[in-house]
Amino acid sequence: RGIIERNAMRYFLALRADMDVSDLPLEQQLEARTRRWFTLTEEYHLQLYELDEPEYLDAKRREWQNQLTLQHENDVRMAAPAAATPASDVSPAQTPR
C-alpha cells in the first residue's frame, strides 16, 4: 500500500508541477517543471527523497538528452526506404488483396 501511495503522490506532484509552469514559453518548461517537481517533493522529504537537487537535475537532463537521441535515431530509421522484400519471403497474411 505504501508503494502505491508514494507513486500516487509523485504523479500528483508531477501534474501540479506541469500546471505550475504551463504559462512559460515551451522551451523553458522542461527545466522549470523538473525544478518545480523537485521543490514540491522536498515538502515530503522523508517519504519521497531519492537524490540531492543537483544530482536529480543532472540525471533528468541526461534522460531527456537520451530520449532526444533515441527519437532522432528512430526518425532516421523510419525515414529510410524499406528494403525490398522478395515475394517468396512474403507470407499470405502480408499479401495485399
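Presented here is a report on the structure given in the accompanying data block. Being a predicted model, the structure only gives us computed values, none of them experimental.

**Notes on the nonpolar core**
Right, so step 1: Leu13, Ala17, Trp37, Phe38, Leu40, Leu48, Tyr56 and Leu57 form the largest nonpolar core, which has eight residues in total.
Right, so step 2: Elements with a contribution of two residues or more to this core: helix 1 (2-21), helix 2 (26-42) and helix 4 (53-79).
Right, so step 3: Counting residues per element, this core draws most heavily on helix 2, at three residues.

**A short note on the packing of helix 2 against helix 4**
Right, so step 1: Running from N to C, helix 2 and helix 4 cross one another at 145°; their axes reach a closest spacing of 11 Å. Seen from above, helix 2 lies across helix 4 with right-handed handedness. Contacts between helix 2 and helix 4 involve Leu30, Glu31, Thr34, Arg35, Trp37 and Phe38 from the former and Glu53, Tyr56, Leu57, Lys60, Arg61 and Trp64 from the latter.
Right, so step 2: Grouping the constituent residues of the contact of helix 2 with helix 4 by class yields six nonpolar, one polar and five charged.

**Re the side chain of threonine 41**
Right, so step 1: Positionally, threonine 41 belongs in helix 2.
Right, so step 2: Setting aside its immediate chain neighbours within four residues, threonine 41 contacts Leu13 and Leu48.

**Describing the layout of surface pockets**
Right, so step 1: By volume, the largest pocket is sized at about 420 Å³.
Right, so step 2: Taken together, 19 residues line the largest pocket, and the ones lying closest to its centre are Thr34, Trp37, Tyr56, Lys60 and Glu63.
Right, so step 3: Here the lining of the largest pocket gets seven residues from one element, more than from any other, and that element is helix 4.

**Describing the packing of aromatic side chains**
Right, so step 1: By the definition in use, this model includes two aromatic pairs.
Right, so step 2: A centroid spacing of 5.2 Å and a plane angle of 25° characterise the contact between tryptophan 37 and tyrosine 56, whose relative ring orientation is stacked. Of this pair, tryptophan 37 sits in helix 2 while tyrosine 56 sits in helix 4, placing them 19 residues apart in sequence. You'll find tryptophan 37 and tyrosine 56 in the same group, each marked buried.
Right, so step 3: Taken together, a centroid distance of 5.5 Å and an interplanar angle of 35° make the contact between phenylalanine 38 and tyrosine 56 tilted.

Calculation rules
Residues numbered from 1 in each chain as written. Predicted model: local features only at pLDDT ≥ 70, side-chain atom pairs only at ≥ 80, totals over all residues. Heavy atoms only, no water. Core = buried A, V, L, I, M, F, W, Y, C linked by side-chain atoms within 4.5 Å. Buried < 20%, exposed > 50% of the residue type's maximum accessible area, 1.4 Å probe, protein only. Helix = DSSP H or I, 4+ residues; strand = E, 2+ residues; numbered from the N terminus. Axes fitted to C-alpha atoms, helices over the stretch in contact; angles between N-to-C directions. Left-handed = near helix turned anticlockwise from the far one by under 90°. Contact = heavy atoms within 4.5 Å. Nonpolar A, V, L, I, M, F, W, Y, C, P; charged D, E, K, R; others polar. 1 Å grid on protein atoms, 1.4 Å probe; cavity = no way out; pocket = protein on both sides within 12 Å on 5 of 7 lines; lining within 4 Å. Points joined across faces, edges and corners; volume = space filled by probe spheres on them. Phe/Tyr/Trp six-rings, centres within 6.5 Å; stacked < 30°, edge-to-face > 60°.

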